[in-house]
Amino acid sequence: STIDHCLDEQKRLNLPAEEFDRLSDHFFGNTDETCFMASATGTIKVIGSASKRKTEKTTDDCHASITSLRLGMASGAQGPFVFLAKGKTIDRRSLKGDLSKRFDGVPKHCCIVMTPNAYMNDEVWLSLVELYCKGIRAMPVICDHPDWWVAITLDGFGSHVNVHAATEVFAQHKTMVVKEEGD
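These notes cover the structure that comes with them.

Cut-offs and rules
- Residues numbered from 1 in each chain as written.
- Predicted model: local features only at pLDDT ≥ 70, side-chain atom pairs only at ≥ 80, totals over all residues.
- Heavy atoms only, no water.
- Salt bridge = Lys/Arg side-chain N within 4 Å of Asp/Glu carboxyl O.
- Helix = DSSP H or I, 4+ residues; strand = E, 2+ residues; numbered from the N terminus.
- Buried < 20%, exposed > 50% of the residue type's maximum accessible area, 1.4 Å probe, protein only.
- Phe/Tyr/Trp six-rings, centres within 6.5 Å; stacked < 30°, edge-to-face > 60°.
- Contact = heavy atoms within 4.5 Å.
- Core = buried A, V, L, I, M, F, W, Y, C linked by side-chain atoms within 4.5 Å.
- Pairing = 2+ DSSP bridges.

Some thoughts on the pattern of salt bridges
This model, assessed by the stated rule, comprises 3 salt bridges. A salt bridge links E9 to R12, with the shortest nitrogen-to-oxygen separation between them at 2.5 Å. With E9 and R12 both in helix α1 (residues 2-13) and 3 residues apart, this pair spans about one turn of that helix. For R12, a relative accessible area of 52% puts it in the exposed group.

Written out as structure tokens, the structure is:
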């Protein structure tokens with residue numbers, strides 16, 4: 001019912017209705033993080049099973065990780081992504097700033113954000129939401145309709161819903177956020 005309410009609200013706000021109906025898949029998407037882990041020896045393998053809901057591997061030899069925050073739309077369009085890497089500064093000039101300016105085919109406003117542990121937290125979430133929203137608004141079709149509202153779903157991770165200032169930034173960029181249940 002929450003998704004139905006969100007879709008109804010989009011239909012009410014995004015006019016003319018006939019044009020929005022035709023393009024609505026470009027205005028609904030999902031954002032999620034994925035953590036990539038690496039081992040010093042390169043020997044970690046996780047094999048999943050279709051019968052298990054969640055697969056986890058506990059290991060002590062994992063020495064590096066990076067988190068990717070990605071957006072995909074119902075239309076199939078790829079939105080901005082952000083990599084969270086461990087450290088204080090990026091020492092490679094080619095990896096600083098908007099990655100779309102340096103790499104072909106990369107959506108606008110993609111970037112690398114340095115964090116103490118390569119994981120999302122409240123401060124990191126707040127620091128990247130403005131750029132992330134700009135990336136959403138720069139997406140094909142969305143950029144042609146600056147007054148239309150976009151809706152994205154996010155998992156129930158605490159930072160996604162606990163940082164009120166980030167929610168305000170989404171609203172300023174006409175982006176509705178729908179919280180999914182965790183796991």
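Let's pick the thread back up.
Notes on the packing of aromatic side chains
The way to describe two aromatic rings as a pair is by their centre distance and the angle between their planes. Within the structure shown, the criterion is met by 5 aromatic pairs. A centroid spacing of 5.4 Å and a plane angle of 85° characterise the contact between F20 and W148, whose relative ring orientation is edge-to-face. Pair noted here: F20 is in helix α2 (residues 17-23) and W148 is in the loop between α3 (122-137) and β5 (150-154), with a separation of 128 residues, a long-range link. Accessibility classification places F20 together with W148 in one group, the buried group. Ring centres of F81 and F83 lie 5.2 Å apart, and the angle between their planes is 70°; on these two criteria the pair is classed as edge-to-face. Residue classification places F81 among the buried positions, given a relative accessible area of 15%.

Section: unusual backbone geometry
Note the cis peptide between L15 and P16, where omega equals 5°. Note on placement: P16 falls in the loop between α1 and α2. A positive phi angle, close to 70°, is found at H109, a residue other than glycine. Counting through the fold element by element, H109 comes out in the loop between β3 (78-86) and β4 (111-115).

With respect to the environment of I152
Examined against the element boundaries, I152 turns out to sit in strand β5. Spatially, the C-alpha atom of I152 lies 5.1 Å from that of N30, the residues being 122 residues apart in sequence. With residues up to four places along the chain from it excluded, the contact list for I152 reads G29, T31, L71, I136, F170, T175, M176, V177 and V178.

Focus: the nonpolar core
If you look at the biggest cluster of nonpolar residues, it comprises 29 residues, and the most contacted ones within it are F27, V82, W125 and L128. Mapped by element, the contributors of at least two residues to this core are α2, β2 (62-73), β3, β4, α3, β5 and α5 (164-172). In terms of residue count, α3 provides more of this core than any other element does, 7 residues in total. Setting aside residues no more than four positions away along its own chain, L128 makes contact with L69, V82, L84, V113 and M120.

Description of the pairing of β5
Of all 5 residues in β5, 5 are buried, a share of seventy percent or more. Neither face of β5 is exposed, since V150, I152 and L154 on one face and A151 and T153 on the opposite face are all buried. Summarising the sheet, β5 and strand β6 (residues 175-179) pair through 5 bridges and their orientation is parallel. When the bridges of β6 are listed, I152 appears paired with V177.

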